[in-house]
Amino acid sequence: MGKRITSSSPCLLFLFFFFSLVLLGCPSLGHPNYKDALAKSILFFEGQRSGRLPTGQQITWRSNSGLSDGSLAHVDLTGGYYDAGDNVKFNFPMAYTTTMLSWGTLEYGKRMGPEIQNARAAIRWAIDYFIKCATATPNTLYVGVGDPTTDHKCWERPEDMDTARTVYSVSASKPGSDVAGETAAALAAASMVFRKVDPKYSRLLLATAKKVMQFAMQYKGAYSDSLGSAVCPFYCSYSGYKDELLWGAAWLWRATNDASYLNFLQTLGANDATDIFSWDNKLAGARVLLARRTLVDDDKRFESFKQQAEDFMCRIIPNSPSSSTSYTQGGLMFKLAESNLQYVTSITFLLSTYAKYMSASKYTFNCGNVRVSSSTLRNLAKQQVDYILGENPLKMSYMVGFGANFPKRIHHRGSSIPSKASHPQAFGCDNGFQSFFYTSNPNPNTLIGAIVGGPNQNDGFSDDRTDYSHSEPATYINAAIVGPLAYLAGSYSS
């Protein structure tokens, strides 16, 4: 009897260890729980919603807000998302967020399982708002609601907003090819997401995308020049507008196969080399998207974009002779000190997706003497995702609510102030600073799934609400990681 107990003890210990990992969110040995992370990365968007919330709202500490948005211009601009930890609707990063959510759903929807419904809902919440922005007034595209300067002087819940809900727009006399091109990209990409599940809605999105893209092409100019301090320094179009024209035309080309978009993008001359991809600079994303035609469809007309996409990859891969990308000792890609994870998630999406296109034709390429396969890119992408989910020197998950150790004091007004349900009385503009902004107490409301700006170049993170560069979440950080998480969730069983 004693012998039997001794021989089975290792099995019992293994089972105990295995089920402990399951409870901690690590169901597959050596890998984070990607399915859980995927679900939470999408759930986060509910916490950013503006407008009248639906009955199925799962982040229940949020309430209705911004119900008069657009009224100063006599139009309805309710809905959409607050971009980060403030209460402003900036359409430029919101449109990029929506394009990336749509691209992730198009490429990895079959791996999302039941989460595809939530992904579509997240996309639709933004797209319904963009339809209003694009159609409310002829020859005008509304591009934002809320005065960022006054908003940032307040620390109050979105439900209590008493700052000016100023409305911003671009037009023929005040052009904004960048924000219009990105909005057209979002509408075109989303039209493909809904093509089979809601054909009528899809047709509306594509028709609107065509009109917005025509506006972007016809009235050329940067929205930063037209709107000034309303968008700068917050979301200036630092890279100019050619990248958005390329990006928008690439998405319209993919959605329509209309050769006029191909002809347009081939004459743009948007050929600058780049080692970054973000809400501001879309060159790398457009090149990967267009390279798909060569790698997957063997269409040689897109060979130059494939070469540019590979030049980008060679600037990212650590051991490439032409790499211009730094990595922390813990292995995290490090681009810029402020909100670095936005670049990590966006570039990780391109690594994952270019790898997908490469594997379709068993294609490889070289960075100097370094051979690059689809596995090379996928391994690097997985390393970045794993770092974000807690496989790093601090054992800190940078996704709120995922794992045992995650940021508790994120730079986010709604999360840091007691909800209306627990404190029905309004907090004024200044009232939140002393009690909720400067306190070292954890936030009372957990913004599940939010990915913050992330650690510094030394893998350090202070979990300090006042340090917005590292502790503030943003829609565009999350949007780009949804695709890679879906790929990993479908590749590593739980």
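Quick caveat: nothing in here was measured; it's all calculated off a predicted structure.

### Overview of helix α10 (residues 259-266)
- When we look at burial in α10, the residues that qualify are Tyr261, Leu262, Phe264 and Leu265. Buried residues in α10, looked at end-on, bunch into an arc of 160 degrees, giving them a common side.
- Contacts from the buried residues of α10 go to α7 (199-218), α9 (242-256), α11 (283-295) and α12 (303-316).

### Some points on the packing of aromatic side chains
- Tallied over the entire structure, the rule returns 32 aromatic pairs.
- Summarising the aromatic geometry, the rings of Tyr354 and Phe365 are spaced 6.3 Å apart at their centres and angled 75 degrees between planes, so their arrangement reads as edge-to-face. Of the two residues, Tyr354 sits in helix α13 (residues 341-360) while Phe365 sits in strand β6 (residues 365-367), which places them 11 residues apart along the sequence.
- Aromatic ring contacts, followed pair by pair, group Tyr96, Trp103, Tyr108, Trp247, Trp251, Phe277, Phe349 and Tyr487 into a single cluster.
- The residue whose ring lies beneath Arg124 is Tyr201, and the NZ or CZ to ring-centre distance is 4.0 Å.
- Stacked on the ring of Tyr492, the Lys or Arg Lys382 has its end atom at 5.3 Å from the ring centre.

### Points about empty space enclosed by the protein
- Tallying each qualifying case throughout the model produces 5 cavities of 30 Å³ or more.
- One number sums up the size of the largest cavity: a volume of about 70 Å³.
- Among the secondary structure elements, those contributing two or more residues to the lining of the largest cavity are β1 (89-90), α3 (91-108) and β2 (140-145).
- Of the residues forming the lining of the largest cavity, the biggest block, 3 residues, is contributed by β2.
- The residue inventory of the lining of the largest cavity, partitioned by class, reads 9 nonpolar, 3 polar and 1 charged.

### Things to note about the sheet that holds strand β3 (residues 167-171)
- The strand order across the open sheet built from 3 strands is β1-β2-β3, with neighbouring strands paired in antiparallel fashion. The sheet is open, and its two borders are formed by β1 and β3, each paired with just one other strand.
- Across 5 bridges, β2 lies against β3 in antiparallel orientation. Looking across to β3, one finds that Tyr142 is bridged to Ser169.
- Packed onto the sheet, helix α4 (residues 115-135) meets β1 and β2 and runs at close to 130 degrees relative to β2.

### Examining the nonpolar core
- Ranked by internal contacts, the top residues of the largest apolar core, which has 152 residues, are Trp103, Ile127, Met313 and Tyr354.
- Among the elements that make up this core, the one with the highest residue count is α4 (12 residues).
- Ignoring anything within four residues of it in the chain, the contact list for Tyr354 reads Val288, Ala291, Leu295, Lys306, Ala309, Glu310, Met313, Phe365 and Leu377.
- Formed by 6 residues, the second largest nonpolar core is a distinct cluster that contains Ile417, Phe427, Phe433 and Phe437.

### Remarks on the environment of Lys89
- Considering the arrangement of structural elements, one finds Lys89 in strand β1.
- For Lys89, a relative accessible area of 1% translates into the label buried.
- Separated by 275 residues in the primary sequence, Lys89 and Thr364 have C-alpha atoms spaced 42 Å apart.
- Here Asp69 takes part through its side chain, which lies 2.9 Å from a polar atom of the side chain of Lys89.
- A polar contact is formed between the side chain of Lys89 and the backbone oxygen of Leu77, at a distance of 2.8 Å.

### Topic: the confidence of the model for the protein chain
- On average, the protein chain scores 93 in pLDDT, and the residues at 70 or more come to 94%.
- The low-confidence segment residues 1-28, where pLDDT is below 50, has 18 contacts with residues more than four positions distant or belonging to other chains.

### Points about the packing of α3 against helix α18 (residues 475-491)
- Following both chains from N to C, one finds α3 and α18 inclined at 5 degrees, their axes separated by 8 Å at the closest point. With respect to α18, the element α3 is oriented roughly parallel. Counted together, Pro93, Tyr96, Thr97, Met100, Leu101, Gly104 and Tyr108 of α3 and Thr475, Tyr476, Ala479, Ala480, Val482, Gly483, Ala486 and Tyr487 of α18 form the full contact between these two elements.
- In terms of residue class, the contact of α3 with α18 is built from 11 nonpolar, 4 polar and no charged.

Rules used in this analysis
Within any chain, residue numbers begin from 1 and follow the written order of that chain's sequence. Predicted model: local features are reported for residues with pLDDT of at least 70 only, side-chain atom pairs are reported and counted for 80 or more only, and whole-chain, interface and lining totals are derived from all residues. Heavy atoms from the whole structure form the basis of all side-chain values; hydrogens and water molecules are not counted. Summary of the burial criterion: residues with accessible area below 20% of their type's maximum are buried, those above 50% are exposed, and those between are partly exposed, where the area comes from a 1.4 Å probe applied to protein chains only. Starting at the N terminus, helices and strands are each numbered in turn, a helix being any DSSP run of H or I of at least four residues and a strand any DSSP run of E of at least two. The directions from the helix axis to the C-beta atoms are what the arc is built from. Residue contacts follow a heavy-atom distance rule, with two residues in contact if any of their heavy atoms lie within 4.5 Å. Only Phe, Tyr and Trp rings are paired, with Trp represented by its six-membered ring, and only when their centres lie within 6.5 Å; those with planes under 30 degrees apart are stacked, over 60 edge-to-face, the remainder tilted. Working rule: Lys NZ or Arg CZ, within 6 Å of ring centre, within 35 degrees of ring normal, means a charge sits over the ring. Here a cavity is any set of points on a 1 Å grid over the protein atoms alone where a 1.4 Å probe fits but cannot get out, and a pocket is any open set with protein on both sides within 12 Å along at least 5 of 7 lines; a residue lines the site when it has an atom within 4 Å of a point. Grid points are joined across faces, edges and corners, and a volume is the space filled by probe spheres set on the points. Three classes are used, and their members are as follows: Ala, Val, Leu, Ile, Met, Phe, Trp, Tyr, Cys and Pro are nonpolar, Asp, Glu, Lys and Arg are charged, and the others, Gly among them, are polar. The pairing criterion is simple: DSSP has to find at least two bridges between the two strands. Interaxial angle, 0 to 180 degrees, is taken between N-to-C directions of lines fitted to C-alpha atoms, where a helix line uses only the stretch in contact. We call a set of buried residues a nonpolar core when its members are Ala, Val, Leu, Ile, Met, Phe, Trp, Tyr or Cys and they connect through side-chain atoms within 4.5 Å of each other. For the purposes of these results, a polar contact is taken to be a pair of N or O atoms within 3.5 Å, where, inside protein, one atom must be able to donate a hydrogen and its partner to accept one; residues adjacent in sequence count only when each atom of the pair is a side-chain atom. Confidence scores per residue from the predictor, reported as pLDDT, run from 0 to 100. The scheme is simple: roughly parallel for angles under 35 degrees, roughly antiparallel for over 145, roughly perpendicular for 65 to 115, oblique for anything else.

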